[in-house]
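Chain by chain, the residues run as shown.
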Amino acid sequence: MIEKINALKAEIESATASTAAEAEALRIRYLSKKGEISLLMNDFRTVPAEMKRAIGQALNELKNLATDKINSLKEAAESKSTGCEGIDLSRTAAPWKIGTRHPLSLVREEIIDIFRRLGFTVAEGPEVEDDWHVFSSLNFAADHPARDMQDTFFIKREPDVLLRTHTSSVQSRVMEAGQPPIRIICPGRVYRNEAISARAHCFFHQVEALYVDKNVTFADLRQTLLYFAQEMFGKDTKIRLRPSYFPFTEPSAEMDISCDLCGGKGCGFCKHTGWVEILGCGMVDPNVLEACGIDSKVYSGFALGMGIERITNLKYRVSDLRLFSENDVRFLEEFESAR
Ligand code: DAH
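One structure accompanies this document, and this report is about it. As the structure is a computational prediction, the values presented were derived from the model and not from experiment.

About the cut-offs
- Residues numbered from 1 in each chain as written.
- Predicted model: local features only at pLDDT ≥ 70, side-chain atom pairs only at ≥ 80, totals over all residues.
- Heavy atoms only, no water.
- Helix = DSSP H or I, 4+ residues; strand = E, 2+ residues; numbered from the N terminus.
- Rg over C-alpha atoms; globule rule 2.2 N^0.38 Å.
- Buried < 20%, exposed > 50% of the residue type's maximum accessible area, 1.4 Å probe, protein only.
- Contact = heavy atoms within 4.5 Å.
- Areas by Shrake-Rupley, 256 points an atom, 1.4 Å probe, with all protein chains shown as cover.
- Lys, Arg positive; Asp, Glu negative; His and termini not counted.
- Charge placed at Lys NZ, Arg CZ, Asp CG, Glu CD.
- Near = heavy atom within 4 Å.
- Polar contact = N/O pair within 3.5 Å; in protein donor to acceptor, adjacent residues only side chain to side chain.
- Nonpolar A, V, L, I, M, F, W, Y, C, P; charged D, E, K, R; others polar.
- Pairing = 2+ DSSP bridges.
- Axes fitted to C-alpha atoms, helices over the stretch in contact; angles between N-to-C directions.
- Parallel < 35°, antiparallel > 145°, perpendicular 65-115°, else oblique.
- Core = buried A, V, L, I, M, F, W, Y, C linked by side-chain atoms within 4.5 Å.
- Phe/Tyr/Trp six-rings, centres within 6.5 Å; stacked < 30°, edge-to-face > 60°.
- Lys NZ or Arg CZ within 6 Å of the ring centre and 35° of its normal.

Overview of the overall build of the protein chain
Right, so step 1: Per the secondary structure count, the protein chain includes 12 helices and 10 strands.
Right, so step 2: Taking 20 Å as the expected radius of gyration for a compact globule of 339 residues, we find that the protein chain reaches 40 Å, considerably beyond that expectation.
Right, so step 3: Of all 339 residues assigned to the protein chain, the portion counted as buried reaches 41%.
Right, so step 4: Of the contacts made within the protein chain by residues no fewer than 6 positions apart, 67% connect residues no fewer than 24 positions apart.
Right, so step 5: Summed over all atoms, the accessible surface of the protein chain reaches about 19100 Å², with 52% contributed by carbon and sulfur.
Right, so step 6: Of the charged side chains in the protein chain, 43 are positive and 49 negative, and the gap between their average positions amounts to 6 Å.

See below:
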């Protein structure tokens, strides 16, 4: 019997199985009720008493060996069929390409950041607007040319539904919704009926700022503008305010900054003036405060509005406005990655 046990031991040790089914066949052959090892176990009864101990031990060892061996063959065969063989998990991953941020987003965030440091919070309004918020509440005369079909995209007439032509519409929405102090910055897309060229587009982006409280003066506006210009374009930047006209501010001004290309000496970029225009601003017209439910005898305020494309052009010298909306990856890849 001991020879039979040793023969089976050798057989099992050298057994192989390349599929789970083959491993199962081995189990049936050796370990099932009528398997070879089970049959030997049955014969154990006939072993003489003095040999029972040694043979019993050898039989048990054989059974354990067979169970372990067949289980591990089965496991190996099953793991093969998961389709994971040949995958080296210790390998470094292929480099993952990180996208870049759109230049207009970078500049918008930078503008918001600067005003946030002065206590302004972001406010937003709808792009599809009505006449009241875009024009009437902002003191536009009934026959103001900006209402004309040439400039404004009308979706519907009477009552007028239109695409906002400036983010100043958010001013009136915020003033209608609550009383001062108001200190908001409103970024957003605006639309105008312009032929698309390198210098004009039918949509672009603006940032509007509005500050209304007791005793807000033109000096507050000027200091805010100087802070903004120097944070955005560098500590040596100078500003210049020129009188201008907007229906919603009185007095109104346009702000120039010193040309950072020529340091103010005059060059092609600043048309040899040493200055480049960047935004419109002024003290909120009392008519606007009243139209939005704010007492103009108690409160005053300033407002300013700028084009994000304009600021981006100054920072990055983008020569053609169309690049901003064409999604050419060669252009977009030149800007900072998303973090
Ligand atoms: N809304 C003006 C525009 O689209 C820009 C502007 C000018 C906004 C003066 C203002 C402002 O708030 O005070 O051209």
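Structure's up, so let's keep going.
Let's talk about the site of the ligand
Right, so step 1: Around the ligand lies a shell of 15 residues, among which His-166, Ser-168, Arg-192, Gln-206 and Glu-208 are the nearest.
Right, so step 2: A distance of 3.0 Å is found between a nitrogen atom of the ligand and a side-chain nitrogen or oxygen belonging to His-166.
Right, so step 3: If the ligand stood free it would expose 360 Å²; the protein chains cover 89% of that surface.
Right, so step 4: Elements with a minimum of two residues in the shell around the ligand: α7 (168-177), β6 (203-213), β9 (275-284) and β10 (300-307).
Right, so step 5: Per-class residue counts for the shell around the ligand are five nonpolar, eight polar and two charged.

Brief notes about the sheet that holds strand β1 (residues 121-122)
Working definition: the strands of a sheet are paired by backbone hydrogen bonds and lie parallel or antiparallel to each other.
Right, so step 1: Judged by pairing direction, the sheet is mixed, and its seven strands sit side by side in the order β1-β5-β6-β10-β9-β8-β7 without closing on themselves. Every other strand in the sheet has two partners, leaving β1 and β7 (239-246) as the edge strands with one partner each.
Right, so step 2: Packing against the sheet, α7 makes contact with β5 (182-191), β6 and β10, and its axis sits at approximately 35 degrees to β6.

Examining the packing of helix α5 (residues 103-116) against helix α10 (residues 308-316)
Each pair of packed helices can be described by the angle between their axes along with the distance between the axes.
Right, so step 1: With their axes 9 Å apart at the nearest point, α5 and α10 run at an angle of 100 degrees to one another. The angle between the axes of α5 and α10 places the two elements in the roughly perpendicular class. Residue-level contacts link Pro-103, Leu-104, Leu-106, Val-107, Arg-108, Glu-110 and Ile-111 of α5 to Ile-308, Glu-309, Ile-311, Thr-312, Lys-315 and Tyr-316 of α10.
Right, so step 2: A class-by-class count of the residues in the contact of α5 with α10 yields eight nonpolar, one polar and four charged.

Let's talk about the nonpolar core
Right, so step 1: Core analysis: the largest hydrophobic core is formed by 43 residues, its most contacted members being Ile-111 and Leu-304.
Right, so step 2: Excluding its chain neighbours within four sequence positions, the residues that come into contact with Ile-111 are Ile-185, Val-207, Phe-228, Met-232, Met-306 and Ile-311.
Right, so step 3: If you look at the next biggest cluster of nonpolar residues, it comprises 23 residues, including Ala-146, Val-170, Ile-184 and Cys-186.

Brief notes about the packing of aromatic side chains
Aromatic ring pairs: the centre-centre distance and the angle between the two ring planes describe each pair.
Right, so step 1: Tallying each qualifying case throughout the model produces 11 aromatic pairs.
Right, so step 2: Grouping aromatic residues by their ring pairs yields a cluster made of Phe-115, Phe-120, Tyr-211, Phe-228 and Phe-302.
Right, so step 3: In this structure, Lys-52 is placed above the aromatic ring of Phe-44, and the distance from its NZ or CZ to the ring centre is 5.3 Å.
Right, so step 4: Geometry around Phe-154 places Arg-157 over its ring, the cationic atom sitting 3.9 Å from the centre.

Functional significance is not addressed by these values, which are geometric in nature.
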